[in-house]
Amino acid sequence: MHRLPATFRRLLAVLALAATAASAQTYPTRPIEWVVPYPAGGGSDVVARALTEAMGQALGHPLIINNKPGAATNIGAEYVAHAKPDGYTVLTGDTATLAANPALYTKLNYSAEKDLAPIGLLARFPMILVVNPAVPAKNLAEFTAWAKTQKGGVSYATPGAGSPHHLATELFRGKTGINLVHVPYRGAAPAVQDVAGGQVPFMFVDTASGMAFINAGRLRAIGIASPQRVKNFETIPTLDEQGLKGFEAYAWQGLAAPAGTPDAVVAKLNKALVDALNSTPVKARFQVLGLEPTPSTPAQMASYAKAEREKWAQVIRASGIKLD
């Protein structure tokens, strides 16, 4: 088999680069598939749908939500990681997909670092330590004192093993030395319901899932796992200010594309995303949900995801959590 002359090979490379650049300039020319690796109606789905209208108007073509739940987001992540890198398939990548799963699973059919290209962060849900009102504690000191008197440990609810809520509680266990017993549920809704109903005494809940229960007095907020107090939750002190220095835990989300997606296409998607996050309707919608919009560059998202992977890998190793 004859090798092509070097000059011809260089010409082909130049033509391919020119075609890619031209394609990026006209992008998009058709609807974009936005894969949400959770069921319809959940927090991640609500965030994506809050952004699609504004982003679709900016890009000139709609973004169509495709819910692909299952396997702790791995089904949706694998689908996007192996999709054509042309900008027409994007993914809601979150704490599980981009930070926890690489440490929770010994084998994944995608690499969070190598197979997914960051577009930009979407939002984050601060975690709140909440108790059933029957628990005799109104602050962190009272809660830890009470918990340490409970023989056999204190049960806590989560939406499932490996969830951000689970990892936040394991981080809390490591910082406080409290003996805890994990009670995993299939989703946030039943977990919150059982804490409110008294079947389980406490959990770390995200702001979106816990807001209505806290406002109704069905859950008592002990402290929020963010550096500063959060808008709409100003009366809830941070865990840091109550003595648990540096304690932070969020459920966060970002938008990603298959690795190899042209930089110019990623830049267009990022601009549409950032403009949508900064728009008044989206800000208002997020505020109602207790969400913090987190507009960023692709590089900032990559840096944040890397820091989160390192942080939660340490917690996972210390806790001995494995999902396969």
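Residues numbered from 1 in each chain as written. Predicted model: local features only at pLDDT ≥ 70, side-chain atom pairs only at ≥ 80, totals over all residues. Heavy atoms only, no water.

### Re the pairing of strand β8 (residues 220-224)
Put simply, the rule reads: Summary of the burial criterion: residues with accessible area below 20% of their type's maximum are buried, those above 50% are exposed, and those between are partly exposed, where the area comes from a 1.4 Å probe applied to protein chains only. Helix and strand assignments come from DSSP, with helices taken as H or I runs of at least 4 residues and strands as E runs of at least 2, each series counted from the N terminus. Only when DSSP finds a minimum of two bridges between them are two strands counted as paired.
When you tally the buried positions in β8, you get four out of five residues, the bulk of the element. Pairing of strand β4 (residues 116-131) with β8 involves four bridges; the strand directions are antiparallel. Counted as the bridge partner of Val-130 is Ala-221 from β8.

### Here we look at the layout of surface pockets
Applicable threshold: Grid points spaced at 1 Å over the protein atoms alone were grouped into cavities, where a 1.4 Å probe fits but cannot get out, and pockets, open sets with protein on both sides within 12 Å along at least five of seven lines, with lining residues defined by an atom within 4 Å of a point. Grid points are joined across faces, edges and corners, and a volume is the space filled by probe spheres set on the points. Note on residue classes: Ala, Val, Leu, Ile, Met, Phe, Trp, Tyr, Cys and Pro are nonpolar, Asp, Glu, Lys and Arg are charged, and everything else, Gly too, is polar.
Roughly 1000 Å³ of internal volume is contained in the largest pocket. Put simply, the parts of the chain that give the lining of the largest pocket at least two residues each are α2 (43-59), α4 (95-104), α6 (164-176), α7 (188-197), α8 (207-215) and β9 (250-258). For the lining of the largest pocket, the element with the most residues is α4, which contributes four residues. Grouping the constituent residues of the lining of the largest pocket by class yields 23 nonpolar, 15 polar and three charged. A volume near 150 Å³ is recorded for the second largest pocket. Counting residues per element, the lining of the second largest pocket draws most heavily on helix α10 (residues 280-289), which supplies four residues.

### Regarding the pairing of β9
Along a regular strand, successive side chains alternate from one face of the sheet to the other. Burial of β9 is extensive: nine of the nine residues sit out of reach of the surface. Pairing geometry for strand β3 (residues 89-94) and β9, over four bridges, is antiparallel. Its bridge partner lying in β9, Asp-94 is registered against Gln-253. Both β4 and β9 contribute to a ladder of nine bridges, which runs antiparallel. Looking at the pairing, Arg-124 lines up with Trp-252 of β9.

### Some remarks on the confidence of the model for the chain
Atom-level detail of predicted coordinates should not be read off regions where pLDDT is low. The criterion, for reference: Confidence scores labelled pLDDT are given residue by residue by the predictor and lie between 0 and 100.
Chain-level statistics for the chain give a pLDDT mean of 90 and a share of 93% at 70 or above. Taken element by element, the predicted model of the chain shows its lowest mean pLDDT in helix α1 (residues 6-26) (57) and its highest in helix α9 (residues 263-277) (98).

### Quick look at the nonpolar core
Worth spelling out the cut-off: Each nonpolar core is a collection of buried residues, namely Ala, Val, Leu, Ile, Met, Phe, Trp, Tyr and Cys, held together in the definition by side-chain atoms within 4.5 Å. Contacts are assigned to residue pairs with any non-hydrogen atoms lying within 4.5 Å of each other.
Among the nonpolar cores identified, the biggest contains 81 residues, and Trp-34, Leu-51, Phe-143 and Phe-172 are the most heavily contacted of them. With nine residues, β4 is the largest single contributor of residues to this core. Residues within four places of Leu-51 in sequence aside, it is in contact with Trp-34, Leu-122, Leu-273, Ala-276, Leu-277, Val-282 and Phe-286. Counting residues in hydrophobic clusters, the runner-up holds 20 residues, among them Val-130, Val-195, Val-200 and Met-211.

### Here's the deal with the packing of aromatic side chains
Here is the rule we go by: By convention, a stacked pair of Phe, Tyr or Trp rings (six-membered ring in the case of Trp) has centres within 6.5 Å and planes under 30 degrees apart, an edge-to-face pair has planes over 60 apart, and any other such pair is tilted.
Tallying each qualifying case throughout the model produces nine aromatic pairs. Both rings, one in Phe-143 and one in Phe-172, keep their centres 6.3 Å apart while their planes meet at 45°; by these two values the pair is tilted. Of this pair, Phe-143 sits in helix α5 (residues 140-147) while Phe-172 sits in helix α6; the two residues are 29 residues apart in sequence, bridging distant segments of the chain. The pair Phe-143 / Phe-172 is uniform in exposure class, with both members buried. Judged by centre distance (5.0 Å) and plane angle (65°), the rings of Phe-143 and Phe-202 are edge-to-face. Taken together, the residues span a long stretch of sequence, with Phe-143 in helix α5 and Phe-202 in strand β7 (residues 202-206) at a distance of 59 residues. Across this residue pair, the class does not change: Phe-143 and Phe-202 are buried. An aromatic cluster is present here, built from Phe-143, Trp-146, Tyr-156, Phe-172, Phe-202, Phe-204 and Phe-247 joined pairwise through their rings.

### Topic: the pattern of salt bridges
For clarity, the threshold we go by: One speaks of a salt bridge when a side-chain nitrogen belonging to Lys or Arg is within 4 Å of a carboxyl oxygen belonging to Asp or Glu.
Under the defined criterion, the tally for this structure stands at nine salt bridges. Between Asp-45 and Arg-49 there is a salt bridge, with its nearest N and O atoms 2.8 Å apart. With Asp-45 and Arg-49 both in helix α2 and four residues apart, the pair spans about one turn of that helix. We classify Asp-45 as buried; its relative accessible area is 3%. Looking at Arg-49, the relative accessible area reads 41%, which means it is partly exposed. The partner of Lys-245 in a salt bridge is Asp-240, and the shortest N-O contact between them spans 3.9 Å. Taking the relative accessible area as the measure of exposure, Lys-245 reaches 58% and is therefore exposed.

### Observations regarding the environment of Val-230
Its location among the elements puts Val-230 in the loop between β8 and β9. Put simply, Val-230 and Arg-309 are 79 residues apart on the chain and 24 Å apart in space, counted from C-alpha to C-alpha. What Val-230 contacts, discounting residues up to four positions off in sequence, is Pro-126, Ile-224 and Glu-292.

### Thoughts on the packing of α6 against helix α11 (residues 298-319)
Counted only if it meets this: Inter-axis angles, ranging from 0 to 180 degrees, are taken between N-to-C directions of lines fitted to C-alpha atoms, where helices are fitted over the stretch in contact. For this classification, under 35 degrees means roughly parallel, over 145 means roughly antiparallel, 65 to 115 means roughly perpendicular, and everything else is oblique. For any helix crossing, the convention is left-handed if the near helix is rotated counterclockwise from the far helix by under a right angle, and right-handed if that rotation is clockwise.
As a packed pair, α6 and α11 sit with axes 10 Å apart at the nearest point and diverge in direction by 70°. Of the possible angle classes, the one that applies to α6 and α11 is roughly perpendicular. Our pair here, α6 against α11, has a crossing hand that is left-handed. From α6, Leu-167, Ala-168, Glu-170 and Leu-171 reach across to α11, where they touch Lys-311, Trp-312, Val-315, Ile-316 and Ser-319. Its residues assigned to classes, the contact of α6 with α11 comprises six nonpolar, one polar and two charged.

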